[in-house]
Amino acid sequence: MTEIAGITRAGTGFEDVSWNILGQVYHPKQSTEDCFSFVANSPPGTFVPPHIHPTQDEYILMLEGEWKLILDGQTHFAKPGDLVRMPRGIMHGYFNESGAPARAFFWVTPARKLHDLFRAIHNVPDPAEVIRLSALHEVDFLPPPG
């Protein structure tokens, strides 16, 4: 995909696309071969378990709320205005344990297969199937500890 000039409006996704991924709503904002960006709306109690992007660097700019993050085995907390940096190959996951909604802007570079993954897992209710599809799109979820 090549970049297209324009504005992706607040609360919407590029070309009016939104994805429901295990209880979170994602709005893609932009997608090219070089970069993919999206906003994640995270209700209380939702999370993305630890995983690795072996082929992408990922960034999160917290817009509202608070997430607990696991980055390379260490626990951190991100609040509005904080930028989380996750180089490729670094294990990471996030958890909304705050009791309030959270919202964040993500971007990954290069885009690789992430946009296709989100399309594939939209409305898939089974976490095991999400994990299986993720592995086919260069995202490797880690087994639960213990």
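Above this note sits the structure.
The text that follows walks through the structure, step by step, so that each part is easy to find. (Residues numbered from 1 in each chain as written. Predicted model: local features only at pLDDT ≥ 70, side-chain atom pairs only at ≥ 80, totals over all residues. Heavy atoms only, no water.)

## Overview of the overall build of the chain
Let me state the cut-off plainly: We count a stretch as a helix when DSSP gives it H or I for four or more residues in a row; a strand needs E for two or more, and each element gets its number in order from the N terminus. We compute the radius of gyration over the C-alpha atoms and compare it with the globule rule, which gives 2.2 Å times the number of residues raised to the power 0.38. A 1.4 Å probe rolled over the protein chains alone gives each residue an accessible area, and that area as a share of the maximum for its type sets the label: buried under 20%, exposed over 50%, partly exposed in between. Throughout, a contact is declared for two residues whenever any of their heavy atoms are within 4.5 Å. In this charge count, Lys and Arg are treated as positive and Asp and Glu as negative; neither His nor the chain ends contribute. Throughout, a charge is located at the NZ atom of Lys, the CZ atom of Arg, the CG atom of Asp or the CD atom of Glu.
Along the chain, the regular secondary structure elements total two helices and eleven strands. Listing every helix and strand of the chain by position from the N terminus yields β-β-β-β-β-β-β-β-β-β-α-α-β. By the compact-globule yardstick of 15 Å for 146 residues, the chain fits well, its C-alpha radius of gyration being 14 Å. Seen through its principal axes, the chain has C-alpha atoms that stretch 45 × 30 × 30 Å. When the 146 residues of the chain are sorted by exposure, 40% land in the buried category. A separation threshold of at least 6 residues defines the contact pool for the chain, and within that pool the share at least 24 residues apart is 63%. Distance between charge centres in the chain, computed from 11 positive and 17 negative side chains, equals 2 Å.

## Remarks on the side chain of Lys29
For clarity, the cut-off: Salt bridge, as used here: a side-chain nitrogen of Lys or Arg that lies within 4 Å of a carboxyl oxygen of Asp or Glu. Think of a polar contact as two N or O atoms within 3.5 Å of one another; within protein, one of them needs to be a possible hydrogen donor and the other a possible acceptor, and neighboring residues in sequence only count if both atoms come from side chains.
Relative to the helices and strands, Lys29 resides in strand E2 (residues 24-31). Summary of buried charges: Lys29 has no salt-bridge partner, and the nearest side chain of opposite charge, Asp16, is 9.3 Å away. There is a polar contact of 2.6 Å between the side chain of Lys29 and the backbone oxygen of Thr12. Not counting the four nearest positions on each side in its chain, Lys29 is found in contact with Thr8, Arg9, Ala10, Gly11, Thr12, Phe14, Ser37, Phe38, Val39 and Phe105.

## Focus: the sheet that holds strand E1 (residues 19-21)
Picture the strands of a sheet paired through backbone hydrogen bonds; they go either parallel or antiparallel. Rule in force here: Following DSSP output, two strands are said to pair if at least two bridges run between them. Between N-to-C directions, angles cover 0 to 180 degrees, with each direction set by a line fitted to C-alpha atoms, over the stretch in contact for helices.
The sheet built from six strands is open, its strands ordered E1-E2-E3-E10-E5-E8 with antiparallel pairing. Of all strands in the sheet, those bounded by a partner on one side alone are E1 and strand E8 (83-86). Each strand axis lies, on average, 25° off the axis of its neighbour in the sheet, ignoring direction. In terms of strand pairing, strand E5 (residues 57-64) meets E8 through four bridges, oriented antiparallel. Within E8, the position partnered with Tyr59 by the bridge is Arg85. Sitting on the sheet, helix H1 (residues 114-121) touches E1, E2, strand E3 (36-42) and strand E10 (102-109), and the angle it makes with E1 is about 75°.

## Remarks on the pattern of salt bridges
All told, the structure shown has seven salt bridges when counted by the stated rule. Across the pair Arg112 and Glu138 runs a salt bridge whose closest N-O atoms are separated by 2.4 Å. Taken together, the residues span a long stretch of sequence, with Arg112 in the loop between E10 and H1 and Glu138 in the loop between helix H2 (127-136) and strand E11 (140-141) at a distance of 26 residues. On the basis of relative accessibility, which here comes to 46%, the residue Arg112 falls in the partly exposed class.

Function-wise, these values are silent; they only describe arrangement.
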